[in-house]
Amino acid sequence: MAVILETLRLRSLLAFALLLVAILITFFVVGGKIAPAPTTATSHIANICVANLTKMDAILDPETCNRIDSIKDAESDPRQIRADQIVFTIRFPHQGLSMSRWFQFVATSIRLDLEHDPEFHYRKNADGSPPSLSFKATLAYRNKQGPDSHDWQSMYTSLQERPLVCEFVQSQSDSNDGYYNCEDIPFFEIGNVYYEEYLVNVRLPSLVKNNQIGKITDINFVEIHQNGGFTKVWFTLKTVVAPVSILILIWFAQRVKKLRRDSLLLEKALFCLGVVTAFMNYIRQGLFYGMLMSFWVIFAGEHLVDQPERNNLKSYWKQVGAIGFGCLSLLIFDLSERVFWNIRGKRAAIPTMSRARQLQYRGLIYRFEFLLVVTILCAGLTVVFFVISSVNEAQWKFGEEESTVEISSALFTGIYGMWNVYVFSLVILYAPSSAAPITDDGSDENERLELRSRTEVRVSAGETEESVVYQFTGKSARD
Amino acid sequence: MWRQSLLLCVLAVSLFEESASASWMWMGVSALSTRSNGNLTSCYGVPGLSSQQMRVCENKPDLIPTLRLGANLGITECQRQFQKERWNCSTTNSSSVFGEVINIGSREAGFVYAIASAGVVHAVSRACRVGNLSDCACETKRKRKQQYSGWEWGGCNDDVRHGIAISKMFVDAPEHTARVQSYPLATAQDRSTRSARAKRGRYLMNLHNNEVGRRAVQNLMHSQCRCHGVSGSCTVKTCWDKVPHFFHVGDVLKAKYRDAVEVVYNKRKRRIKRKEQRRMRISKDSLVYIERSPNYCSPNAKLGILGTSGRVCNKTSEGVDQCDLLCCGGGYNTQVVREVNRCQCRFVWCCHVTCKTCPRIYDLHTCK
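Criteria and thresholds
Residues numbered from 1 in each chain as written. Chains lettered and ligands numbered in written order. Predicted model: local features only at pLDDT ≥ 70, side-chain atom pairs only at ≥ 80, totals over all residues. Heavy atoms only, no water. Contact = heavy atoms within 4.5 Å. Buried area = accessible area lost by both parts, 1.4 Å probe. Salt bridge = Lys/Arg side-chain N within 4 Å of Asp/Glu carboxyl O. Polar contact = N/O pair within 3.5 Å; in protein donor to acceptor, adjacent residues only side chain to side chain. Helix = DSSP H or I, 4+ residues; strand = E, 2+ residues; numbered from the N terminus. Expected span 1.5 Å × (residues − 1). Buried < 20%, exposed > 50% of the residue type's maximum accessible area, 1.4 Å probe, protein only. Axes fitted to C-alpha atoms, helices over the stretch in contact; angles between N-to-C directions. Parallel < 35°, antiparallel > 145°, perpendicular 65-115°, else oblique. Nonpolar A, V, L, I, M, F, W, Y, C, P; charged D, E, K, R; others polar. UniProt positions renumbered as here; feature names shortened; annotations may be inferred. Disulfide = S-S within 2.5 Å. Core = buried A, V, L, I, M, F, W, Y, C linked by side-chain atoms within 4.5 Å.

The next thing to look at is the interface of chain A and chain B. Taken together, the 91 residues of chain A in the interface contact 57 residues of chain B. Of the roughly 6,400 Å² buried where chain A meets chain B, counting both sides, 52% is carbon and sulfur surface. For the pair chain A and chain B, the interface holds 4 salt bridges. A:Asp218 is paired through a salt bridge with B:Arg126; the nearest N and O atoms lie 2.4 Å apart. Applying the counting criterion to the chain A and chain B interface returns 22 residue pairs in polar contact (both at pLDDT 80 or more).

Below is the structure:
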């Protein structure tokens, strides 16, 4: 039984390819031109509040608290402020803005600014390890508007201890002066953004703790969330893609069902891949990549004409197990190294075979090479795009005008679209066809060959290439 | 009432504008004496603001404390950078802040303009991050995405861009106003006079140096990134800008001060050009000056130069604070000083230190 790829005329195949390219471009354009960057980081500097001695644990809002401008002011303050009265408060987002449920997640980090002071050194521990910073953090939330508006409510409180890694940068104008460059400390993450405003209070216990951290001038806070616009574009794409992919799957299943035989392993794998891809439109990507790799192994195996047993998942347990560890590059290497050359070798032997067998192998090789090239292209593009996106993000961009394309968003939607297009074009092209292959001269013979090629016994995997070629030539000689 | 005071101010402004154009920095000096965030919530006491600067103050009153902090930051850093030099960036009580010496287009003046302009960028971007300014990042968002530019759609994080925009708008204003005014008003004869030409050269020098200051902050920005993909993989990477410590900006500008380029005003092309190697373009990152520095050794009341007499110098230093250099060869006095210092302090991260006192005896050298 032939698949659609083999029965399709060249012109229709080209039209189909053009359609796919158009769809792909649409995905990239949607990401690059419509969507904003996937995430946004907003920098904050903590306001310094002085807690009331009678209510030391109260949640302090920078707008209403007793604010001082700097720690220096606290030193000269006539009220004799104590270290445990100092509360660093951060309200996010900034004034006049509001968090949205479209933001999906919030990840934060803090960084300390230390001043050089000969009297308070930042001192490493005796063993050279960085001193630890201990702080008590409280996260609170509130809603400003609507019927469920309320004042700050505490969400979590936690006492944390983290290493504080800082490096002294000496000033060029004065060798006794300088400042410290401290590393960012990951702070907390929120899995869903349910409330409109959030407030963080950080208190640094003194006396026993925090006596090696030097003199703090500021606490910097960075809040990262997924952009609402990106979430909207992403959800829209998934909403459009999901029904289309389900329709294609139903069509494929019906095609297979119409056949008068049991479905082949390859068909099952293809169907599974389609299902997982359709699910990816809802769920995570890890499953998709696992299934994709399993499919590649099965596909390669089914087209490899040197395996004794086929059409049986058990014979692939090794490969599928290896995929559990998931090594994409190894797989590509493996595919091109072992299979590609093997097939090339066979092609050389083709002219020596009978016509029917030639057709059979040509079909197999055509099918296989087509997929392999597309697959390597897709995988290569994925790798290239991830490299581009990480290089692109890491640079601080200057210039009067930024580029007009949001590259990282385009890469996200583009790669998403690319794998969807890839899988569903496979499902379509490799669906069993009712028509006969174009170059075929008799369906009877074709069917007979199909049967034979499926049951032919070959040497087991791990044999050297020579033996395969030997087997092959031996077989064609027998023919 | 308001209009009257405004009129008065405009009058006062136009009077001052002639004598010293740097005096918006006075906002920073007044902040040095009073407690920061003090009473000055309007610009109506500030001498020598241009009309455009007054307009900025009126339209954005919440910007005023930040501008003061910016000027203060610049002046403080200038004094830190020049503490060992013959001219130590000392301020006077006059409206021109540094005295008449700032009206000489020297490399020192160039540094002051650059550092003050950088100070405003720094202070504004800091105020944005603290939350003291209401219209920061979202306002200056690029035009292309105006329709989607909302916070919810794409976020806004252009604090430094905003600082640069404010610095351009406020710090460059006197030069822009003066340039525009001087052309239509000046007669042909006027234009050719030496003073008018020098003035135009000076405006261009100031504008150039202001830009150098802003670029110094911008060039020192570097992005900090964080990955937050599945199980720590870097599928999603978010970066943000880390604003440099202002010491660092000062250090960089001080190095540019040493390598400053002497320029002349080309009246035909209305541009400034290098004095030597005229063909070579002036880099956007190098400070320029049009006049040689005056002699900072002896006091000059007219220019507001204090001289180096009485300055503390270092006998053994190899740098510019070495006694022979700093005192301009005029000799120095040495006295033995007995001082009580804080020592063996107990570390508490904030507010109070408990220290012992230790006596210290050392030689103090001061210029004659």
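Still to come is the rest of the account.
Let us look at helix 5 (residues 107-130) of chain B. Owing to its 3.6 residues per turn, the α-helix brings residues three or four apart onto one side. Residues and elements named next belong to chain B. Relative to the 34 Å expected for 24 residues at 1.5 Å per residue, helix 5 spans 34 Å between its end C-alpha atoms, a close match to the ideal helical length. The buried fraction of helix 5 amounts to 22 of the 24 residues, a majority that puts the element mostly inside the structure. At the C-terminal side of helix 5, Gly131 shows a positive phi close to 100 degrees.

A word on the packing of helix 7 (residues 159-171) of chain B against helix 10 (residues 194-220) of chain B. All names here are of chain B. Look at helix 7 against helix 10: their axes get within 11 Å of each other, and the N-to-C directions meet at 170 degrees. Comparing the axis directions of helix 7 and helix 10 gives the class roughly antiparallel. Taking contact as the criterion, the partners of Ile164, Ser167, Lys168 and Val171 in helix 7 are, on helix 10, Asn210, Glu211, Arg214 and Gln218. Taken together, the residues of the contact of helix 7 with helix 10 break down into 2 nonpolar, 3 polar and 3 charged.

All names here are of chain A. According to UniProt, the "transmembrane region" (unreviewed entry) feature falls on residues 12-30, 233-253, 320-343, 364-388 and 408-431. Measuring from the first to the last C-alpha atom of residues 12-30 gives 27 Å, for a span that is 100% helix and 0% strand. Helix makes up 92% of residues 408-431 and strand makes up 0%, while its end C-alpha atoms are separated by 34 Å.

Covalent bonding between the sulfur atoms of two cysteines defines a disulfide. All names here are of chain B. Under the counting rule described, the total for this entry stands at 8 disulfides over all chains. The residue that forms a disulfide with Cys78 is Cys89, at a sulfur-sulfur distance of 1.9 Å. Judged by the sign of its S-S torsion, about 110 degrees, the bond between Cys78 and Cys89 is right-handed. In this pair, Cys78 sits in helix 4 (residues 64-81) while Cys89 sits in the loop between helix 4 and helix 5, placing the two residues 11 residues apart along the sequence. As far as burial versus exposure is concerned, Cys78 and Cys89 are alike and both buried. One disulfide bridge connects Cys327 with Cys367, the sulfur atoms lying 1.9 Å from each other. On the S-S bond that ties Cys327 to Cys367, the torsion sits near -75 degrees, and the link is left-handed. Residue Cys327 is located in the loop between helix 12 (323-326) and strand 7 (332-346), and its partner Cys367 is located in strand 8 (residues 354-367); the two are separated by 40 residues in the primary sequence.

Attention now moves to the nonpolar core. By size, the foremost hydrophobic cluster in this structure holds 69 residues, and its most contacted members are B:Trp24, B:Met25, B:Trp87, B:Phe98 and B:Leu253. Ranked by residue count, the leading element in this core is helix 5 of chain B, at 13 residues. Excluding residues within four positions of it along the chain, B:Trp24 makes contact with B:Leu49, B:Gln53, B:Leu67, B:Ala71, B:Ala116, B:Val120, B:Phe170 and B:Val171. One finds A:Phe92, A:Phe135, A:Cys166 and A:Cys182 within the second-largest nonpolar core, a separate group that totals 47 residues.

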